[in-house]
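Observations on the three-dimensional arrangement
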Amino acid sequence: MDLKALFPFGKILGKRLVYALITIMIASTVTFIAIRSMPGDVLYTLAASLAEELRIPFEEARKIVYSIYYGIEIEKPIYVQYFEYVLGLLRGNLGYSTYFKRPVTYVVARALGWTVFTLSIGVSLSFVIGVLAGMVAGFKRGSKSDFIMSSTFTVISAIPGYAIALFLYIILSARLGLLPARGAYSPDVEPGFNLRFIADVLYHAALPILTYVVTTFSGWALLIRSNVAKILEEDFLKYAEARGISRRRIITTYVGRNSILPLIPLLALRIGGMIGGSTLIETIFAYPGMGYYLSIALSIRDYGLLQGIFFMMTVATIIGVIIVDMVTPFIDPRVRREVAVA
Amino acid sequence: MSSGAQTKSGLYLFYLDFVKPVLRSGRGLFGLIMIAIMILMATVGPSLIPLDTKLKPSMRWCLPSLEHPLGCDYMGRDLLSMVVHGSREVFLIPFIATIIGIIGGMSVGLFAGYVGGVARRALTAVTDVWLTIPSFPVIFILAYVLPKSPLTIAVLLALFSWPGLARALAAEVSSLKTRDFVEACINLGLSKLYILFREIGPHLLPFVTYNFATLFVANMSSLIGIVLLGVAPLNPTNWGYLLNQMIFTYKGLLIPNGSVIVFLMISILVVIKLGVVFFAQALEEVFNPRLRTYE
């Protein structure tokens, strides 16, 4: 095996970069449409107050609002506007939040961490729990306990994420008062690298993380279950058993690895859905991540914030997908070979 | 029995092959009942149960009783009447969205699968990109800024309904294409369209039916989700709007009775969703007997 086969990054990265560009084009088209169809009154209020402040004509203030707040040069033809707008986004000009009276990057810098923190823990936990539960059900396929487990997984996976968030909120927070359902940490705790703060942050993150885990683990479990059931029928497994390979090794290497690997590309495809879905969950728990600010931006009609947050969500998704893609060849030798041959 | 089966063979066979197995499985029966309730709710429901518009402050967040089977909302209005009147929008828009999405997904999937090669690789690339876009915020933002109409929202939901189906269908068609019966049809000189729709198509029907159901419930969740987050609904009895008011405006989760009502409201949504999914699973088992493991 040569070096290229071990590190087949170039090819995957190239493909992903092309995809990333297209994704960014689509995302920026959405925000461009959003800004261009901004209701007149929002724009009017902004431009009017600016005109008064700077003592300039209203028309000029309107132009400034577009170019400073949203990075769009209103007097140019629309395709030039669009092109320059996308270039601006790529250069990191995420626009200006009229509510916070600061560039959107300021809000993003405060919100991104919370979303990445809760989502990454939630995704990893749900994947591990889903794999374990699915393997148990798969090994006991056809039995009563398998029936109970897969029925439960089906029921849970049919419940929308926000419904699970609300159920957990009502039961664990409103009724039992076990977990906090507001904010990322208590106001009386000094942020910093100390034990009390870390414990408080985890305590506050418990409900969002639990929601992500409950929402997604059953989907993984169902997939793993059917994969395990399929692999258990394979001849190579009977041969391995006949050769006297230990049960432990059969479960982990033969069945485990083969049933988990097909799920990794699916994981990449689901990152976008989870980041998007975090909007509702963070709003319900008033958790100050990107999704929370996205819904705030809509309710206060802050179009600059809206475009900036949404754009960053897309970028976060792309990065997540690239990370999964980069890791896959390390875990799956077949992908490594495929990439090296291609 | 046999003579009866001969005289009304068509209908009877349909009953034997499709209706009876669905009714016999507990999930299928449950699903069928749920779907019947949904149809009744959205069609004759609003004329049977008048919309309660009276504000009764003393009845705020009242718990379920004989008079108010689902309790009351934040203004003391009968929740059952609100749910029934909201069902039309909540069922119809996702239904239209799903039809558009299925037609789109089928056309793209069948074409890419049958032509194969470059077309399939292009489809994979497009869907790869499409599936990584955070779809919920896109629907949410565009539904917020675009002119509001049932069709706009349906199209927005449909935009993100087709890729998974198209991809799976393409894979299915390209594997069916190499089967003997298709070879035979080609050698018989049958047209490509005939083969695609008359010979390959029926094999895909179970899969498409199943996807129709799952897409429908997913679209229903998204629609309620965007309205719950604050996109203005077309109708003030939209379930998402009711939830939005209950949770964010009237802080129902902080009121003991309020949280019971919110709980009930989401449970209705979940039970309906489960009904549709179970019905789809029962149908899938009918189409594909190999899946029937728990008999």
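As the structure is a prediction and not an experimental result, all values here were calculated from the model. Per chain, the residues get numbers from 1 upward, laid out in the order the sequence is written. Whichever chain is written first is A, and whichever ligand is written first is 1; the rest continue in order. Totals for whole chains, interfaces and linings use all residues, but because this is a predicted model, local features are given only for residues with pLDDT of at least 70 and pairs of side-chain atoms are given and counted only at 80 or more. Water and hydrogen atoms were dropped before computing side-chain values, which therefore reflect all heavy atoms in the structure.

**Concerning the overall build of chain B**
Put simply, the rule is: A run of DSSP states H or I qualifies as a helix once it reaches four residues; a run of E qualifies as a strand once it reaches two. Both are numbered from the N-terminal end. With a 1.4 Å probe rolled over the protein chains alone, any residue whose accessible area is under 20% of its type maximum counts as buried; one over 50% counts as exposed, and the rest are partly exposed. Here the Shrake-Rupley method, with its probe set to 1.4 Å, supplies the accessible areas, and only the displayed protein chains count as covering residues. Asp and Glu are treated as the negative residues and Lys and Arg as the positive ones, with His and the ends of the chain left uncounted. In plain terms, the charge of a residue is placed at NZ if it is Lys, CZ if Arg, CG if Asp and CD if Glu.
Looking only at helices and strands, chain B has 13 helices and 0 strands in total. Overall, the C-alpha framework of chain B stretches about 75 × 55 × 35 Å when taken along its three principal axes. For chain B, the proportion of its 295 residues judged to be buried stands at 48%. Carbon and sulfur atoms make up 68% of the accessible area of chain B, which amounts to about 13800 Å² in all. Taking the average location of the 21 positive side-chain charges in chain B and that of its 14 negative ones, the two points are 3 Å from each other.

**Description of the interface of chain A and chain B**
Selection criterion: Residue contacts are counted whenever heavy atoms from the two residues lie within 4.5 Å of one another. Summed over both partners, buried area is the accessible surface (1.4 Å probe) that two parts give up on being assembled. N or O atoms within 3.5 Å of each other form a polar contact, as long as, within protein, one can give a hydrogen and the other can take it, and as long as residues adjacent in sequence are counted only when both atoms are side-chain atoms. Throughout this entry, Asp, Glu, Lys and Arg are counted as charged residues, while Ala, Val, Leu, Ile, Met, Phe, Trp, Tyr, Cys and Pro are counted as nonpolar. The remaining residues, Gly among them, count as polar.
Taken residue by residue, the interface counts 47 residues in chain A and 44 residues in chain B. The contact between chain A and chain B buries some 4100 Å² in all, and 79% of this surface belongs to carbon and sulfur atoms. Of all residues in chain A, Tyr162(A), Leu269(A) and Leu298(A) give up the largest surface area on contact with chain B, accounting jointly for 15% of the area buried on that side. Linking chain A with chain B are 4 residue pairs in polar contact (both at pLDDT 80 or more). Sorting the residues of the side of chain A that touches chain B by element identifies helix 2 (9-36), helix 7 (144-157), helix 8 (161-175), helix 12 (263-284), helix 13 (290-299) and helix 14 (303-331) of chain A as the ones contributing at least two each. Broken down by element, the residue count for the side of chain A that touches chain B peaks at 9 residues, all from helix 8 of chain A. In the side of chain A that touches chain B, the residues fall into 30 nonpolar, 13 polar and 4 charged.

**Quick word on the pattern of salt bridges**
Residue and element names in this part refer to chain A. Going by this rule: By convention in these notes, a salt bridge is any Lys or Arg side-chain nitrogen within 4 Å of a carboxyl oxygen on Asp or Glu.
This structure, assessed with the given rule, holds 2 salt bridges over all chains. Its salt-bridge partner being arginine 141, residue glutamate 233 comes within 3.0 Å of it at the nearest N-O pair. Note that glutamate 233 is positioned in the loop between helix 9 (195-232) and helix 10 (235-242) and arginine 141 in the loop between helix 6 (104-139) and helix 7, a separation of 92 residues in sequence. Exposure remark for arginine 141: the relative accessible area of 35% places this residue in the partly exposed category. Between arginine 225 and aspartate 146 there is a salt bridge, with its nearest N and O atoms 2.7 Å apart. One end of the pair, arginine 225, is in helix 9; the other, aspartate 146, is in helix 7, with 79 residues separating them in the sequence. Taking the relative accessible area as the measure of exposure, arginine 225 reaches 17% and is therefore buried. Residue classification places aspartate 146 among the buried positions, given a relative accessible area of 0%.

**Structural notes on the packing of helix 5 (residues 79-115) of chain B against helix 9 (residues 162-176) of chain B**
Residue and element names in this part refer to chain B. Put simply, the rule is: Interaxial angles span 0 to 180 degrees and are taken between N-to-C directions of axes, which are lines fitted to C-alpha atoms, for helices over the stretch in contact. Note on convention: the crossing is left-handed when the near helix lies turned anticlockwise from the far helix by less than a right angle, right-handed when the turn is clockwise.
Axis separation between helix 5 and helix 9 bottoms out at 7 Å; the angle between their running directions is 35°. Crossing of helix 5 against helix 9: the hand is right-handed. Residues Gly101, Ile102, Gly104, Gly105, Met106, Val108, Gly109, Leu110, Ala112, Gly113 and Tyr114 of helix 5 form the contact with helix 9, whose own contacting residues are Trp162, Leu165, Ala166, Leu169, Ala170, Val173 and Ser174. Partitioned by chemical class, the residues of the contact of helix 5 with helix 9 number 12 nonpolar, 6 polar and no charged.

**Things to note about a nonpolar patch on the surface**
Residue and element names in this part refer to chain B. Filter applied, for reference: To count toward a patch, a residue needs a relative accessible area over 30% and no salt bridge; like charges are then connected within 9 Å, while nonpolar side chains (Val, Leu, Ile, Met, Phe, Trp, Tyr) are connected within 5 Å.
A cluster of nonpolar residues, Leu13, Tyr15, Leu16, Leu23, Leu29, Leu32, Ile33 and Ile37, forms a patch on the protein surface that exposes about 620 Å² of accessible area. For the nonpolar patch, the secondary structure elements donating two or more residues are helix 2 (9-24) and helix 3 (26-43). Here tyrosine 15 is to be found in helix 2.

**Some thoughts on the nonpolar core**
What counts here: What we call a nonpolar core is a set of buried Ala, Val, Leu, Ile, Met, Phe, Trp, Tyr and Cys residues that are connected through their side-chain atoms within 4.5 Å.
In this structure, Tyr70(A), Phe285(A), Phe91(B), Ile226(B), Trp239(B) and Ile272(B) are the most contacted members of the largest nonpolar core, which totals 172 residues. Excluding residues within four positions of it along the chain, Phe285(A) makes contact with Ala165(A), Tyr169(A), Ala181(A), Arg182(A), Gly183(A), Leu207(A), Pro208(A) and Thr211(A). Membership of the second largest hydrophobic core comes to 15 residues, among which are Val182(B), Cys185(B), Ile195(B) and Leu215(B).

**A word on helix 3 of chain B**
The periodicity of an α-helix, 3.6 residues per turn, causes residues three or four places apart in sequence to face the same way. Residue and element names in this part refer to chain B. Basically, it comes down to this: One less than the number of residues in a helix, times 1.5 Å, gives the span that helix is expected to have. Directions from the helix axis toward the C-beta atoms define the arc.
With 18 residues, helix 3 extends 26 Å between its outermost C-alpha atoms, agreeing within 8% with the 26 Å of an ideal straight helix rising 1.5 Å per residue. By the burial criterion, the buried members of helix 3 are Gly28, Gly31, Met34, Met38, Met41 and Ala42. Buried residues along helix 3 cover an arc of 155° about the axis, so they all sit on one side. Opposite the buried face of helix 3, at more than 90 degrees from it, the exposed residues are Gly26, Ile39 and Leu40.

**Describing the confidence of the model for chain B**
Residue and element names in this part refer to chain B. Operational definition: A score between 0 and 100, pLDDT records how confident the predictor is in each residue.
Counting all residues, the mean pLDDT for chain B is 81, and 94% of those residues have values of 70 or more. Put simply, helix 1 (residues 2-7) is where chain B has its lowest mean pLDDT, 48, and helix 8 (residues 150-159) is where it has its highest, 89. In this model, residues 1-5 is a region of pLDDT below 50 whose contacts with residues beyond four sequence positions or in other chains number 2 contacts. Note on the complex model: pTM 0.85, ipTM 0.82.

**Quick word on the side chain of Ser218(A)**
Residues and elements named next belong to chain A. Looking at the secondary structure, you find serine 218 in helix 9. By relative accessible area, which is 0% here, serine 218 ends up buried. Residues contacting serine 218, with those up to four places away along its chain left out, are Phe153, Ile156 and Ser157.

**As for the packing of helix 6 of chain A against helix 13 of chain A**
Residue and element names in this part refer to chain A. Convention followed: Each angle is binned into one of four classes, with values under 35 degrees roughly parallel, values over 145 roughly antiparallel, values of 65 to 115 roughly perpendicular, and all other values oblique.
Orientation of helix 6 relative to helix 13, taken along the N-to-C sense of each, is 130°, at an axis distance of 7 Å. In terms of their interaxial angle, helix 6 and helix 13 are classed as oblique. Contacts from Val107, Arg110, Ala111, Leu112 and Thr115 in helix 6 reach Met290, Gly291 and Tyr293 in helix 13. Of the residues contributing to the contact of helix 6 with helix 13, the split by class is 5 nonpolar, 2 polar and 1 charged.

**What to know about the packing of aromatic side chains**
Residues and elements named next belong to chain A. Using the following cut-off: Pairs were defined over the aromatic rings of Phe, Tyr and Trp, the Trp ring being its six-membered one, requiring ring centres within 6.5 Å. Orientation was assigned from the angle between planes: stacked under 30 degrees, edge-to-face over 60, tilted for the rest.
A complete count under the given rule lists 17 aromatic pairs over all chains for this structure. Ring centres of tyrosine 99 and phenylalanine 100 lie 4.9 Å apart, and the angle between their planes is 90°; this geometry places the pair in the edge-to-face category. Judged by relative accessible area, tyrosine 99 falls into the exposed class, the value being 51%. Residue classification places phenylalanine 100 among the partly exposed residues on the basis of a relative accessible area of 23%.

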